[in-house]
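Each chain is listed here by its residues.
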Amino acid sequence: MSSKFLTHRTGVAGAAVLAVAAVVAVVAPLLIDPGSLDVTRVTAAAWQAPDARHWLGTDHTGRSVALLLAQGAGTSLFVGLTAAVLAVGIGTAVGVVSGHFGGLPAGVLLRVTDFFLVLPALVLAIALSTVLPRGLGTIILAIGLTSWPSTARMVRAQTLTIEARPFVERARALGGGHAHVIARHVLPSVVPLVLVNATLAVASAIVAESTLAFLGLGDPARISWGAMLHQAQLHGAVPQGAWWFLLPPGLAIVAVVLAFTLVGRALEAVVTPKR
Amino acid sequence: MRLLGRAGGAALSLLMVAVLGFFLFRVVPGDPVVSMTRGRPTTPETQAALRAQFGLDLPLHEQFFRYFTSLLRGDLGTSFTFRRPVAEVVLERLGPTLLLVGTSTVIAVALGLWLGVLAAWRRGSAFDRVTTGVSLTLWAVPTFWLGMLLMMVTGDFFPSRGMRDTDTAPDFLSQALDVGHHLVLPSITLVAVVCAEYALVMRSSLLEELHAPYLTTARAKGLRDDLVRRRHAVPNAVLPAITLVFLRFGLVVSGAITTETVFSWPGLGLLFYDALTGPDYFLLQGLLVVTAGAVVVMNLLADVLHGVLDPRVKVV
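Rules used throughout
Numbering of residues starts from 1 in each chain and follows the order in which that chain's sequence is written. Chains and ligands are labelled sequentially in the order written, the chains with letters from A and the ligands with numbers from 1. The predicted nature of this model means local features are confined to residues of pLDDT at least 70 and side-chain atom pairs, given and counted, to a pLDDT of 80 or more, with totals for whole chains, interfaces and linings taken over all residues. With hydrogens and water set aside, each side-chain value is computed from the structure's full complement of heavy atoms. UniProt positions are given in the numbering used here, feature names are shortened, and annotations may be inferred rather than shown by experiment. Elements are defined by DSSP. Helices are runs of H or I of four residues or more, strands are runs of E of two residues or more, and each kind is numbered from the N terminus. A 1.4 Å probe rolled over the protein chains alone gives each residue an accessible area, and that area as a share of the maximum for its type sets the label: buried under 20%, exposed over 50%, partly exposed in between. Residues are treated as being in contact if the distance between any of their heavy atoms lies within 4.5 Å. Here, a salt bridge means any side-chain nitrogen of Lys or Arg that lies within 4 Å of a carboxyl oxygen of Asp or Glu.

- By the naming in an unreviewed UniProt entry, chain B is Peptide/nickel transport system permease protein, taken from Lentzea jiangxiensis.
- A UniProt comment under Subcellular location (unreviewed entry) is attached to chain B, and it reads "Cell membrane".

- Where an unreviewed UniProt entry is consulted, chain A appears under the name Peptide/nickel transport system permease protein, with the organism given as Lentzea jiangxiensis.
- Quoted straight from UniProt, the Sequence similarities (unreviewed entry) entry for chain A says "Belongs to the binding-protein-dependent transport system permease family."
- Here is the UniProt Subcellular location (unreviewed entry) comment for chain A, exactly as written: "Cell membrane".

## So, the overall build of chain B
- The secondary structure content of chain B amounts to 14 helices and zero strands.
- Expressed along its principal axes, the backbone C-alpha trace of chain B runs to roughly 85 × 55 × 40 Å.
- Out of the 316 residues belonging to chain B, those deemed buried represent 49%.
- Once local pairs closer than 6 in sequence are excluded, the contacts in chain B between residues at least 24 apart make up 74%.

## Considerations on the pattern of salt bridges
- Applying the stated criterion across every chain yields a total of twelve salt bridges over all chains.
- Between Arg63(A) and Asp59(A) there is a salt bridge, and its shortest N-O distance comes to 3.2 Å.
- The class of Arg63(A) is buried, set by a relative accessible area of 12%.
- The exposure class of Asp59(A) is buried, given its relative accessible area of 0%.
- For Arg153(A), the salt bridge goes to Asp114(A), with nearest N and O atoms at 2.3 Å. One end of the pair, Arg153(A), is in helix α7 (residues 149-163); the other, Asp114(A), is in helix α4 (residues 103-118), with 39 residues separating them in the sequence.
- Since its relative accessible area comes to 36%, Arg153(A) is described here as partly exposed.
- A cluster of three or more residues bridged by salt bridges with shared partners is formed by Arg84(B), Glu88(B) and Glu92(B).

## Notes on the environment of Leu98(B)
Residues and elements named next belong to chain B.
- Within the secondary structure layout, Leu98 lies in helix α5 (residues 86-121).
- By relative accessible area, which is 57% here, Leu98 ends up exposed.
- Each C-alpha atom, one on Leu98 and one on Ala7, is 24 Å from the other, the two residues being 91 residues apart in sequence.

## Section: the UniProt feature "transmembrane region" (unreviewed entry) in chain A
Residue and element names in this part refer to chain A.
- When the UniProt feature table is mapped onto this chain, "transmembrane region" (unreviewed entry) is found at residues 12-32, 77-96, 190-215 and 242-267.
- The span residues 77-96 shows a helical share of 100% and a strand share of 0%, and its end C-alpha atoms are spaced 28 Å apart.
- This span, residues 242-267, is 96% helix and 0% strand, and a straight line between its end C-alpha atoms measures 39 Å.

## A look at the UniProt feature "domain: ABC transmembrane type-1" (unreviewed entry) in chain B
- As recorded in UniProt, the sites labelled "domain: ABC transmembrane type-1" (unreviewed entry) are residues 94-306 of chain B.
- For residues 94-306 of chain B, the end-to-end C-alpha separation is 27 Å, with 82% helix and 0% strand making up the annotated structure.

If you want it as structure tokens, here you go:
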């Protein structure tokens, strides 16, 4: 599987971008002096264009945009990953249960899945993060609880396909119970699909995080790429012409989201056999 | 029979929207009145008065009964910040949103489907690779950032705030031109993001059809290539694509919220932003019910439309 992945050049490029982002996210908090990101302790002038000392310029308080960018990587990636795991986890559970068990409970689950599939996830996530106390946990919960339905649909379909196969019938005939069929036959067969789905889910979760943070619903104590753009909008980076505060966080989001998408598509091509 | 079932499903969904709207804003930690008056000087008496005014001092089931019966009458409650009925405020802001979303959707559907068809038909060509690459990149771009970027790049060329200038002549033509001028940047933003998704959907939908035997027959009859595409392949592939366009109407709604926020476009999206910064729970609840309801109705429409356009659906 790994050697097949390597034949997808765009997927490999995506994986490389992600590796860089991950290294920055891990290393940045260790190397950056917290004082340099403290609004009350910075010495540089506000809205400074990029120069040799601040190579991405400074924001409205005089903090270095380059340092903010490196510091923000961790939050954006962490929220993206955990929210995606939460969403895909819920989706897989709902999908397997509604696919494996028929009858009324499956019907109800399917109905609920379809309901949430249709609703605009962002609107629900906004509502959730407005009523819950601001914080990282709220954002993760808001994104995770609103973006599971597509995984559930897909896992359900796969479960139904697998359960129609003769070897599952054989397992049942030999006395295998629900737990046995799910654990030994259904789950192993949905894992590749779930993996692909999780990769794509991280991509949309990072966009969702940046959108919520942009609307001012993020964790006020943490720097993320979306939060930087929130500040840029709030303090008029556009009328100031401060392109150095607007471009880097946005480009970082696009690069990482695109990388997750490309990796996801490459994985998809690897795990789904050609027709 | 199929339609009856769908309509029943949609009605159930609308009911679930109403229930969700109620519980989301009631069964949360904290007192809504306390959080809505945060940062403003209030006494316990005024808070109690507010609680009574919004019916928050009643038992939950009574609150729900009141909420639900007024919802059936089209009453969405009272906005906390505007001190006016939510339905009235929402109705006022509906026009600008319909203008923005309508214009953008029409352009995005036309452009997206056209690009998707051409990309799929010339699969693997430079055009296909560029279209797919640009679409994937645009899909990764946060809507609000694209809006800010456009604003910065175009500078003073296009107005970037609001829907009309105050000093425009009152006659219809100048007003329409002014609104159109203001509409340019927000609609480009919305089109760019939504159109990318449509192009990808159309492309994969047409790719599914490409190896169908009826296309070989059409070619064997001696039809020219673009006739095979226009008369045979596209009509079959466009139906699932159009259904998906309707199904992803939620995408447009989400895009409208951030686009309107960036450009201060005075529609429902900006109202959403006002409601969450308040925070005004009653307004937010009303907006949630209205937008979610609209999305459910759009989906029902997609189903009906699909059934009318595609005779094969009736069989199954």
